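Architecture at a glance
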Amino acid sequence: MEPTKNLTRKLLDLMQETGYPLVQHNGQRRYGPPPDWVGPPPQKGCEVFIGNLPREIFEDELVPIFATVGKIYEMRLMMDFSGSNRGYAFVTYTSRSEAYRATRELNHHEIRPGKHIGVVKSVDNCRLFVGNIPKTKSKEEVYEELSNRVTGIVDVILYKNAYDRKLNRGFAFVEFTSHRAAAMARRALIPGCVKLWNEDVMVDWAEPEPDVDDEQMKTVKVLYVRNFLIKTTPDTIQSVFEAAINAKIQRIKKIYDYAFIHFYEREHAELAMRLLQNSEIDGSNIEIRWAKPVVRELYRIQKLNKGNAKFNNTLDFSQTLLLYKQHLEKKEYAKSLKEDEGIGSACAGSVCGSPTEVKPPEYKRMDTRYPLAPAKLDSMCKRYMWAPPSYEYQKHIDVGGTEVWIAKVELPYVGLPLLTVPRCVGPLVTRACVSMQQAQIEAAEAALHTIKVLRADVIQRSTMTAVQHVYPSMLPQMPNCVPYPAVYPSQPPTIPVTLPTLWRAV
């Protein structure tokens, strides 16, 4: 009892000294905001995550430590029912520079003898990736359709097809007012249960944009420019930009409909952005922003899942701490190679792992209706805690000497909410495909179709009610005034009835 009284006294002293309120609600204790704070909360990017906290440490010790690098707007300490903390907390500073200083100076701080904490920038992701959008839909139509299902949408980022500007790329990024609003929207748009324009869509967290220190960004001399036509050549881009700034450009690297433009001087890049923003090149209006440097090791781990970081959950906290520690010690940004273009956007084609439009080869490719089927199947298994799908591939040489691929997929464990008694689904075998990737897509499509059929069967069995057969009476109706009991046959005659088949399993 005495330690509890001492802690209470220390917390009351802290509140009296600083004037900050301290309130516990929903498993977390909030310290702040400052009593003299006026206006909206600090901008995005001012929050840091603190991990590896000793369970017996509280605000009376944490606040003095983290106040040494900047003014604290709010501290959120996660608590459990026993009164101990849960080993982690969040601190929001009043500026991004203070948050960056906290990650630089307090990461790996020895808070107890032999006990080091980890401090990294908190990723407040407010963006969702929505795939399998009909390619004929406009930005306004996507915004309207999603607004009918979820709330809190700030913006919809929809990119045009690199080969046909009248079409979109089949996916969009949706920005929300807060992380909570995005999380609620993701929960509402469950794949397989919600259709948009009568199509199944893929919804998951978008890869957050790399967070680079403001001071580092002030030294960047590379522009990320998007929305070019495929036919636009690097020479055309170079001539337009050099004419605008009246100086030479170091080099240009164009990839599909976007490019990284390297300048010799920062001032030339600023001038080009100011003069050519939203200008027209070959009939297409371009968009320009600063390219963001890449921490190569961190970016490599984020891209482990076949180049698509949106569905990659392999980066845990310990890896993040290790990589950020290496980044701070080795100054990876300063050592980045000149040919490293960086990342211009969280949705910049293959640079961030988003789906890109690749020109099809000359040979005839079998049609695949839903290229995101493997990602959707994997996401569905994770959401419902089923065993992940197991793929097997076989390569053959046909009579014409062409390589063909056949895939086999099996779902080892499919249970609730689809099946009350878990069982294995598969193996399901595809037809011959021209590539291993196409074989995987078709195998995933077959598995999703099987799940859809099983779901329809479950719905049928849960909604069908017993049909009450009405048979005509075999005796004339007796008057109510007759005091004698009416005599009816013990069993009505059996009349064969044929019911239509409502569902058929494939």
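Throughout this description, residue numbers start from 1 for each chain and increase along the sequence as written. pLDDT decides what is reported in this predicted model: residues at 70 or higher carry local features, side-chain atom pairs at 80 or more are listed and counted, and totals for whole chains, interfaces and linings draw on all residues regardless. Hydrogens and water are ignored here; the side-chain numbers use all heavy atoms of the structure.

Heads up, the rule is: UniProt positions are given in the numbering used here, feature names are shortened, and annotations may be inferred rather than shown by experiment.
By the naming in an unreviewed UniProt entry, the chain goes by Probable RNA-binding protein 46 and is assigned to Bombyx mandarina. Note on the chain: under the UniProt heading Subcellular location (unreviewed entry), the record states "Cytoplasm".

**Concerning the nonpolar core**
Here is the rule we go by: Each nonpolar core is a collection of buried residues, namely Ala, Val, Leu, Ile, Met, Phe, Trp, Tyr and Cys, held together in the definition by side-chain atoms within 4.5 Å. The buried label goes to any residue with under 20% of its type's maximum accessible area, the exposed label to any with over 50%, and the partly exposed label to all in between, with areas taken from a 1.4 Å probe on protein chains only. Comment: elements are numbered from the N terminus, with helices defined as DSSP H or I runs of at least four residues and strands as E runs of at least two.
Counting residues in hydrophobic clusters, the biggest one holds 29 residues, and the most contacted among them are Leu223, Val225, Phe241, Ile261, Phe263 and Ile288. If one sorts the elements of this core by residue count, strand β17 (residues 258-263) sits on top with five residues. Grouped together as the second largest cluster of nonpolar side chains are 28 residues, Ile72, Leu77, Met79 and Val91 included.

**Quick word on the sheet that holds strand β15 (residues 222-226)**
Test applied: A pair of strands counts as paired when DSSP detects no fewer than two bridges linking them. Geometry is summarised by axes, namely lines fitted to C-alpha atoms with helices restricted to the contacting stretch, and by angles between N-to-C directions that run from 0 to 180 degrees. Two residues qualify as a contact provided that any one of their heavy atoms is within 4.5 Å of a heavy atom in the partner residue.
Strand order in the open sheet formed by four strands is β16-β17-β15-β20, with antiparallel pairing between adjacent strands. The outermost strands of the open sheet, each flanked by one partner alone, are β16 (249-255) and β20 (287-290). Recorded for the sheet is a direction-independent mean angle of 20 degrees between the axes of neighbouring strands. Direction of pairing for β16 relative to β17: antiparallel, over a ladder of six bridges. Bridge pairing in β17 places Lys254 opposite Ala259. Packing against the sheet, helix α7 (residues 234-245) makes contact with β15, β16, β17 and β20, and its axis sits at approximately 140 degrees to β16. Lying over the sheet, helix α8 (residues 266-276) contacts β15, β17 and β20, oriented at roughly 150 degrees with respect to β20.

**Side note on a nonpolar patch on the surface**
As a reminder, the rule being used: Patch building starts from residues that exceed 30% relative accessible area and form no salt bridge, then joins like charges within 9 Å and nonpolar side chains (Val, Leu, Ile, Met, Phe, Trp, Tyr) within 5 Å. All accessibility values rest on the Shrake-Rupley procedure with a 1.4 Å probe; residue burial counts only the protein chains present in the view. The working definition used for a salt bridge is a side-chain nitrogen of Lys or Arg within 4 Å of a carboxyl oxygen of Asp or Glu.
Taken together, the side chains of Tyr163, Ile230 and Tyr256 make up a nonpolar region of the molecular surface, amounting to roughly 250 Å² of accessible area. The residue Tyr163 is located in the loop between β10 (153-160) and β11 (168-176) in this model.

**Re the pattern of salt bridges**
Here the structure, examined in full by the defined rule, presents 22 salt bridges. Between Arg55 and Asp80 there is a salt bridge, with its nearest N and O atoms 2.6 Å apart. Pair noted here: Arg55 is in the loop between β3 (47-51) and α2 (59-66) and Asp80 is in the loop between β4 (72-79) and β5 (85-93), with a separation of 25 residues, a long-range link. The class of Arg55 is partly exposed, set by a relative accessible area of 41%. With a shortest N-O distance of 2.8 Å, Glu105 and Arg101 are connected by a salt bridge. One end of the pair is Glu105 and the other is Arg101, both in helix α3 (residues 96-105) and four residues apart, which spans about a single turn. Residues joined in a network through salt bridges with shared partners are Arg30, Glu47, Glu74 and Arg76.

**Considering the packing of aromatic side chains**
Note the cut-off: Two aromatic rings, drawn from Phe, Tyr or Trp (for Trp, its six-membered ring), form a pair once their centres lie within 6.5 Å of each other, and the interplanar angle then sorts them: stacked below 30 degrees, edge-to-face above 60, tilted otherwise. Placement of a positive charge over a ring is assigned whenever Lys NZ or Arg CZ falls within 6 Å of the ring centre and within 35 degrees of the normal to the ring plane.
The full count for this structure, using the stated rule, is 13 aromatic pairs. Consider the rings of Tyr224 and Phe260, whose centres lie 5.6 Å apart with planes at 50 degrees: the pair is tilted. Of the two residues, Tyr224 sits in strand β15 while Phe260 sits in strand β17, which places them 36 residues apart along the sequence. Taking the relative accessible area as the measure of exposure, Tyr224 reaches 3% and is therefore buried. Summarising the aromatic geometry, the rings of Tyr258 and Phe260 are spaced 6.1 Å apart at their centres and angled 90 degrees between planes, so their arrangement reads as edge-to-face. Taking relative accessible area as the criterion, Tyr258 reaches 2% and is therefore assigned buried. Through a chain of ring-to-ring contacts, the aromatic side chains of Phe49, Tyr88 and Phe90 assemble into a single cluster. Above the plane of the ring of Trp290 lies Arg266, whose end atom (NZ or CZ) is 3.9 Å from the centre.

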